[in-house]
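# Fold and geometry: a report
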Amino acid sequence: MWGQVFFFVCHCDSPIGTEELAHLEMVSTIVYQLTRGLTTEQIKKAGFDTYFVDHTTGVYPQAASGEAFSANTLAVTGDVLADLHEDLSAEQKARLTYDNILRYADDPDVRDPIKFLRAREIVHYQRFGEGLRIATDNLNSKNFYAFNPSFDKK
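In this numbering scheme, every chain counts its residues from 1 along its sequence in written order. Under the rules for a predicted model, residues below a pLDDT of 70 receive no local features and side-chain atom pairs below 80 are neither given nor counted, while totals for whole chains, interfaces and linings still include all residues. Side-chain metrics in this entry use all non-hydrogen atoms of the structure; hydrogen atoms and water are not considered.

This paragraph deals with the packing of helix α4 (residues 80–104) against helix α5 (residues 108–137). It is the contact of α4 with α5, at a shortest axis distance of 9 Å, that shows an interaxial angle of 160°. By the angle class used here, α4 and α5 are roughly antiparallel. Here the hand of the crossing between α4 and α5 comes out left-handed. Structural elements are reduced to axes, namely lines fitted to C-alpha atoms, with helices fitted over the stretch in contact, and the angle between N-to-C directions of any two is expressed from 0 to 180 degrees. For helices the rule is a DSSP run of H or I covering at least 4 residues; for strands it is a run of E covering at least 2, with both sets numbered from the N terminus onward. Convention used here: angles under 35 degrees read as roughly parallel, angles over 145 as roughly antiparallel, angles from 65 to 115 as roughly perpendicular, and any remaining angle as oblique. Left-handed describes a crossing whose near helix is turned anticlockwise from the far helix through less than a right angle; right-handed describes the clockwise counterpart.

If you want it as structure tokens, here you go:
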């Protein structure tokens, strides 16, 4: 039973994880294309000068707040239910980020790939939802708190 759940989740998660790296590459390319060739005046006017001092127009993965990407972002616990909920949350957060970008962007060369990436986040959310349903369907039906009973056997 858990082997089937594990197979589905791993089979589902690996291609999605690879695709997420491609998302980062696409967004990074958009940012690079929008910032290459900026003049010093444009950089200062946009408030991009402090970033530019450290990274020029290179793409440095960080949140809009300036917080750099770290491995803490990958909150893996080893518990299939907790990890699937984390995955679902991450997909919704990414979708919301794309929604917010679309609120500000008016360039079709930015909007079109962002719309594509947003659609992929929705599909990923659906796949992780299926994985969660399969995992919870295979839990011990007497298990109200939805944890993996095989970990708690002594």
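Let us now look at α5. Expected span of a helix, by definition, is 1.5 Å for each gap between consecutive residues, and there is one gap fewer than residues. End to end, α5 covers 43 Å across 30 residues, agreeing with the expected 44 Å (1.5 Å per residue, within 8%). Note on exposure labels: buried denotes an accessible area under 20% of the residue type's maximum, exposed denotes more than 50%, and partly exposed covers the range between, all computed with a 1.4 Å probe on protein chains only. Where α5 is concerned, the buried positions are Val110, Pro113, Ile114, Leu117, Glu121, His124, Phe128, Gly131, Leu132 and Ala135. In protein, a polar contact requires one atom able to donate a hydrogen and another able to accept it; more generally it is a pair of N or O atoms within 3.5 Å, and residues adjacent in sequence count only if both atoms are side-chain atoms. Of the residues that open α5, the one with a side-chain oxygen 2.7 Å from the backbone nitrogen of aspartate 109 is aspartate 107.

A few words now on the nonpolar core. The tendency in soluble globular proteins is for nonpolar side chains to be buried side by side. By nonpolar core is meant a set of buried Ala, Val, Leu, Ile, Met, Phe, Trp, Tyr and Cys residues that side-chain atoms within 4.5 Å join together. Within the largest apolar cluster, 9 residues are counted, these being Ile16, Val80, Leu81, Leu84, Leu88, Phe128, Leu132, Ala135 and Leu139. Secondary structure elements with two or more residues in this core: α4 and α5. With 4 residues, the single largest contributor to this core is α4. Counting residues in hydrophobic clusters, the runner-up holds 7 residues, among them Ala105, Val110, Ile114 and Leu117.

Turning our eyes to something else, we now look at the environment of histidine 23. Turning to its location among the elements, histidine 23 is positioned in helix α1 (residues 2–35). Relative accessible area serves as the criterion here: at 3%, histidine 23 is assigned to the buried category. For histidine 23 and glutamate 121, which are 98 residues apart along the polypeptide, the C-alpha to C-alpha distance reads 9.7 Å. Contacts: residue pairs with any heavy atoms within 4.5 Å of one another. If we skip the residues at most four places from it in the chain, histidine 23 touches Tyr98, Leu117, Arg120, Glu121 and His124.

On a range of 0 to 100, pLDDT expresses the predictor's confidence in each residue. When pLDDT is averaged across the chain, the result is 80; 81% of the residues are at 70 or more. For the chain, per-element mean pLDDT is lowest for α1, which scores 70, and highest for α5, which scores 92.

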